[in-house]
Amino acid sequence: MNLTLRVWRQSGPSAPGKMVTYRVEEVSPDMSFLEMLDVLNERLILSGDDPVAFDHDCREGICGMCGMVINGVAHGEQRATTTCQLHMRHFEDGATITIEPWRAAPFPVVKDLVVDRSAFDRIIQAGGFVSVPAGSAPDAHSIPVRKEDADDAFDAATCIGCGACVAACPNGSASLFTAAKITHLSLLPQGQPERLTRAKAMVDQMDAEGFGGCTNTGECTAVCPKGIPLDTIAQMNSDYLKAN
Amino acid sequence: MKYTEGPEIQDTKAPSGPIEDRWEKRKFGAKLVNPANKRKLNVIVVGTGLAGGSAAATLGELGYNVKSFCYQDTPRRAHSIAAQGGINAAKNYRGDGDSIYRLFYDTVKGGDFRARESNVYRLAQVSVNIIDQAVAQGVPFAREYGGLLDTRSFGGAQVSRTFYARGQTGQQLLLGAYQALERQIAAGTVEMFTRHEMLDLIVADGRARGIIVRDMVTGEIERHVADAVVLASGGYGNVFFLSTNAKGCNTTAIWRAHERGAYFANPCYTQIHPTCIPVSGEYQSKLTLMSESLRNDGRVWVPKVAGDSRPAGEIPEADRDYYLERIYPAFGNLVPRDIASRAAKNVCDEGRGVGPGGLGVYLDFADAINRLGREAVEKKYGNLFEMYERITGENPYETPMRIYPAVHYTMGGLWVDYDLQSTIPGLFVIGEANFSDHGANRLGASALMQGLADGYFVLPTTLGDYLAAGPFGEVSDEAVAEAEIKVRTRIDRLMAVNGTRTPDSFHRELGKLMWDYCGMERTEESLRKALERIPELREEFWRDVKVSGTAEELNQVLEKAGRVADFFDLAELMCLDALIRTESCGGHFRAESQDAEGEALRDDEHFAHVSAWEFSGDGPVLHKESLEYEYVKMTQRSYK
Amino acid sequence: MAGYLASEGVTATIERGAATAPVSKPASKKPTPGKRGGFLRSSNGKKVIMAVTGAVMVLFLVLHMLGNLKIFLGRDSFNEYAEALRTLLEPIAPYRTVLTILEVGLVVSVVLHMWAAISLARRARHARPVKYVAKKSQAQGYTTHIMRWGGVTILLFVIWHLLDLTFGVVNPKGYDSAPADRMIAGFDLSRWWVTLFYIVAVAMVGLHLRHGIWSMFQTLGWATRVKALRPLAALVSAVLVIGFLAPPLAVTFGVIK
Ligand SMILES: Cc1cc2nc3c(=O)[nH]c(=O)nc-3n(C[C@H](O)[C@H](O)[C@H](O)COP(=O)(O)OP(=O)(O)OC[C@H]3O[C@@H](n4cnc5c(N)ncnc54)[C@H](O)[C@@H]3O)c2cc1C
Ligand code: HEM
Ligand code: HEM
Ligand code: SF4
Ligand code: F3S
Ligand code: FES
């Protein structure tokens, strides 16, 4: 396959950015999207240009490090798939592909397609945990959990913190990410004691970071590689209301 | 490569007495740090995986002043996140005859009698607390309808002791540790440095006193001093270029510590995982693991005759060879990893492999789907099947999966004593970065167990014992400056080469060489070839590598180049270690040492020891630590 | 293997000027739980206001629609109803008390609803200072646009509507006429464009509510409990649209004279 890429290039946090066009030839349909970029980068390095910086680590869809907006869709158009798991067989030969970083004020661009997502960590710091120091836990079987609750909690817990939800949300809201953690913990007995303070603190932190508010447009769940459901946002809202 | 032999390691600091009491004894014997003093004691933890994340969180909870480092943009992305299958614990919730002793026994045997009994026993003891801790944190383990925890059996075990969270156990456990860590960050006990790469260890007055790191965003070189340093930087499987490890996994942290005096133990022990998605082309950047749990229900087979190119569906039962079930009737598809991997290699070498290049075997779910129904199979393995389909474009519900072995885990690592302290006082090493508990082969679901045991329970105790003598006073400026200059010089050198080949192209070449010559099967000849070729390639690297951009910015090429440079040095030591260990054991298979049936043949008389390598300017120095087995009788491993 | 071609000439289309997001990290690096506190200032609080005021307006619309449908029972019935509205609770309270209270409640709702909508929209704008070069919706992408522009359309409509049917300013019959007369005159076939405007506006209301009613439950955190909410919301909106459009269309096409 031969492709034309339009890629956002920005040399540093305060440098101006621009879209730059490259051609990549002889791409195999079995390549992953990142492998296709690897090919571009190898050539760029050899010609003395700066390769396109992008975040990635596991390359198997679980670490949440990769992520770019591909043709206007966070992680590309294939549903429930991270950028690293997206394969070139889903593109057409000769296609032009537009590649941009996540866009949100709380996710400032570090370089090219790399953004700073530390705001997510601070949302977790605000309360996304159960306070239980190592060694103080009771026997695991002393806390039975209804299977349905455990399963629902799990569905919410699978969030990989990639930030695609923010990237896709027309309001730049981090509601899906925040709600996923709140829901995970609020469905489990272990999460009850801190349930309301957690919801309040995390939502307030989300605001403090400068994310937008949710107007329930559902773009987030549509691009979420883990399919975190919108129900989690309702759960978050409900806990937040109760906390106030 | 020439090496010399130094004195044997005499004392591992394991307490004596009955094995069940040793850890109790050690804990009781450990000195305690006065709570008021803890705030004054600084600890550096490199790595935020299961081991480092849990350690930093726990040390923070205890009141120490902790600095935590990782190269990713957030601690939650450490490679541990990718673990799929599960975590072992001797809870015996099933009442199927499990016990601490049995887990201990299985692990020692599974490690092919190359692990320490005392350490393994402690691991089995602590395993129980890990599950309690994780559950209390809200880790959503799989549950039964009664609301209690579910378990399953996992590669190499005949009891059902593996706790799991769908196919994302590592993720859920890591998020538990990450959340505990973030809680401490908010509390101010832990300071987090993301996108920071450790490039050297500061040793002053014979103690590890800090690290030199590069801020990967600005390129700034920073010094951090402390009273103790903990390395939890994970494994070095990426020396093979293609592995199941995350792309960033590296040996840099432990290798540079090795150069500063920490012994490197058993570097040649690498684990090849039998169930990975086969390589599809030369652009391939990494290999993806399919959880071993698939072997619980999938059946492995290849065509009976070489060159049978019919599609899987058209090959009748009579023409299929379910070779694992045939050769190992007792364990069948569940034999340990090293055995399953080699068996796959053997059938492919016979020309019976399937898929592109004949490098693959089938993992077939047709029987399971018939027996349990598609829905049940989907429930159990749905996400793995999806992952497979996404990567290969094939639907495993209809055609059998193709799998092939791939490098997965490194049992070797920095040598540590019973306290997890390396040969440099004040340098502790935990998780996959150390060599400790798995011997020559790691059983499934036991790396997560070890990482968390080290981080939540063992290290906080033993480190306290060390720190009780602290604070250790000012660190001499020379020691810090010397380390910093060394780092800067190395970076400058890499930037200055300005050659014609990318770091990745060298890495690929090195990886291929290692896979061919020091991979699943090693021979004296292949290892000698590798030892000849590696220095040439390394020389070429330093002469011809091309690093674009500058060192004062986010520069992923520079990061990569630094890591590849360290892989060269490590690769050489691995081959040397593999060369002089002329026996086969666990993941280390020397073709010269096999029994009549082609199984690994140990040589306990000459090799019942740990090989701990000391770095020295003129060739490595080998120190042996002999292994004694008081509780588990050394036998030839048999899974037939 | 693969080759590439540094884009000669095609390069560097600076598509959005010096388009960078602010680099400075948000002021509060450490979480400051409770500090912001103010429920009304939080994004979630604003949403709750929007939902509650939205609910008030939906209730009003349901009643309003039922009232309008009385026109099918004859002019008198409709006029009596309009009168009853004004004389409710008389003699306990003076003429038009209840209606005025209702009206004030409505005005407050509209104002709060708009305030919340506007401040959330501003928040959203700040949250994404640099726009995408390409952006493709993956959900029912029309919702955000329909909600905001739809809301504005509805507002304009309500103003016209009040001038028309409440104050009679733009109505052929003027203020002093009976409500039914205003209505019948207002939607006369000759004034087909008024009817058309109403149709458009009511359709907007329908779309606004199709998303809004579901959204309201989501915001109040009840969406997890009430299943099949989306179809329910669509049904309610459809009923409202039909119920509202029936009287004007009936007048325009001469069913009601
Ligand atoms: C695909 C896959 C599946 C697996 N499944 C299982 C399983 O089911 N059960 C099981 O028990 N085990 C499993 N394992 C093995 C297990 O996941 C790992 O051995 C274990 O997670 C290692 O944890 P760790 O904490 O030691 O290191 P890691 O999780 O690798 O963490 C390393 C940390 O060190 C940091 N770091 C590294 N180098 C530097 C540096 N130079 N400077 C600064 N920071 C640095 C990284 O940022 C990271 O935070 C699996 C492994 C793989 C690859
Ligand atoms: C299309 C069909 C509609 C008709 C025939 C209609 C008719 C009327 C009439 C006759 C009145 C005057 C009542 C009186 O003075 O007693 C009125 C008032 C009003 N209508 Fe409508 N209406 C319609 C749709 C709407 C819609 C869609 C809205 C809101 C979005 C709306 C909002 C109002 C308001 C706010 C008042 C003022 C209420 C008051 O003063 O108490 N109407 N309407
Ligand atoms: C007068 C009749 C109106 C009614 C009955 C109404 C009703 C509603 C309801 C029920 C919601 C859902 C609340 C929630 O999300 O929780 C809503 C949302 C909204 N309304 Fe209105 N509204 C009206 C007028 C307006 C006006 C005049 C505006 C704008 C100026 C407006 C703008 C919005 C916006 C922007 C939303 C948020 C979108 C969203 O939640 O997705 N509405 N409205
Ligand atoms: S909710 Fe989904 S899209 Fe958002 S961070 Fe989590 S996994 Fe990514
Ligand atoms: S896309 Fe945005 S508006 Fe809400 S539902 Fe998702 S956060
Ligand atoms: S690189 Fe880890 S999710 Fe894509």
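On a predicted model such as this, the values are computed, not experimentally measured, just so you know. (Residues numbered from 1 in each chain as written. Chains lettered and ligands numbered in written order. Predicted model: local features only at pLDDT ≥ 70, side-chain atom pairs only at ≥ 80, totals over all residues. Heavy atoms only, no water.)

Undergrad: Now, about the coordination of the iron atom of ligand 2: what can you tell me, with residues and values included?
TA: Residue and element names in this part refer to chain C. Note on the iron atom of ligand 2: its protein donors are His 64 (NE2) and His 161 (NE2). The metal-donor distances range over 1.8 to 2.1 Å. Note that the iron atom of ligand 2 binds six donor atoms; their angles at the metal cover 85 to 179°, and the shape is octahedral. One end of the pair, His 64, is in helix H1 (residues 43-69); the other, His 161, is in helix H4 (residues 142-166), and 97 residues separate them in sequence. The exposure class of His 64 is buried, given its relative accessible area of 19%. (Donors = N, O, S within 2.8 Å, 3.2 Å for Na, K, Ca; no water. Tetrahedral: all angles 85-135°; square planar, octahedral: opposite > 155°, others 65-115°. Helix = DSSP H or I, 4+ residues; strand = E, 2+ residues; numbered from the N terminus. Buried < 20%, exposed > 50% of the residue type's maximum accessible area, 1.4 Å probe, protein only.)

Undergrad: A description of the coordination of the iron atom of ligand 3 should follow, citing residues and the corresponding values.
TA: All names here are of chain C. Around the iron atom of ligand 3, the protein contributes the donor atoms His 113 (NE2) and His 208 (NE2), at 2.0 to 2.1 Å from the metal centre. Here the iron atom of ligand 3 binds six donor atoms, and the angle range of 83 to 179° at the metal identifies the geometry as octahedral. Of this pair, His 113 sits in helix H3 (residues 97-127) while His 208 sits in helix H6 (residues 192-219), and the two are 95 residues apart along the sequence. Comparing His 113 with His 208 shows no difference in burial state: the two are buried.

Undergrad: Residue-level account of unusual backbone geometry, with values.
TA: The amide bond that connects Gly 470 of chain B to the next residue, Pro 471 of chain B, takes the cis arrangement and shows omega of -5°. Of note, Pro 471 of chain B is situated in the loop between helix H12 (447-467) and helix H13 (477-497). Unusually for a residue other than glycine, His 75 of chain A sits at a positive phi of about 65°. By secondary structure assignment, the location of His 75 of chain A is in the loop between strand S4 (73-74) and strand S5 (96-100). Accessibility expressed as a relative area gives 0% for His 75 of chain A, which makes it buried. Of note, Asp 112 of chain A is a non-glycine position whose phi angle comes to about 45°, a positive value. Summarising the element assignment, Asp 112 of chain A is placed in the loop between strand S6 (109-111) and strand S7 (114-115). Judged by its relative accessible area of 2%, Asp 112 of chain A is buried.

Undergrad: Now, about the side chain of Ser 341 of chain B: what can you tell me, with residues and values included?
TA: Inspection of the secondary structure puts Ser 341 of chain B in helix H9 (residues 337-349). Beyond its immediate stretch of four places on either side in the chain, Ser 341 of chain B contacts Ile 272, His 273, Pro 274, Pro 405 and Met 520 of chain B. (Contact = heavy atoms within 4.5 Å.)

Undergrad: Break down the confidence of the model for chain C for me, citing the residues and quoting the values.
TA: All names here are of chain C. Counting all residues, the mean pLDDT for chain C is 83, and 84% of those residues have values of 70 or more. For chain C, the element scoring lowest by mean pLDDT is strand S1 (residues 4-6), at 37; H1 scores highest, at 95. Predicted confidence is poor over residues 1-34, with pLDDT under 50, and the contacts of this stretch with residues over four places away or in other chains come to 87 contacts. Quick note on the complex model: pTM equals 0.95, ipTM equals 0.94. (pLDDT = per-residue confidence, 0-100.)

Undergrad: Just give me the short version of the pattern of salt bridges, but keep the residues and values in it.
TA: All names here are of chain B. Following the criterion strictly, the structure yields 84 salt bridges over all chains and no others. The closest approach of N and O atoms between Glu 509 and Arg 501, which form a salt bridge, is 2.8 Å. Under the relative-accessibility criterion, Glu 509 is labelled partly exposed at 28%. Each of Asp 112, Arg 114, Arg 581, Glu 583, Arg 602 and Asp 604 takes part in one network of salt bridges that share partners. (Salt bridge = Lys/Arg side-chain N within 4 Å of Asp/Glu carboxyl O.)

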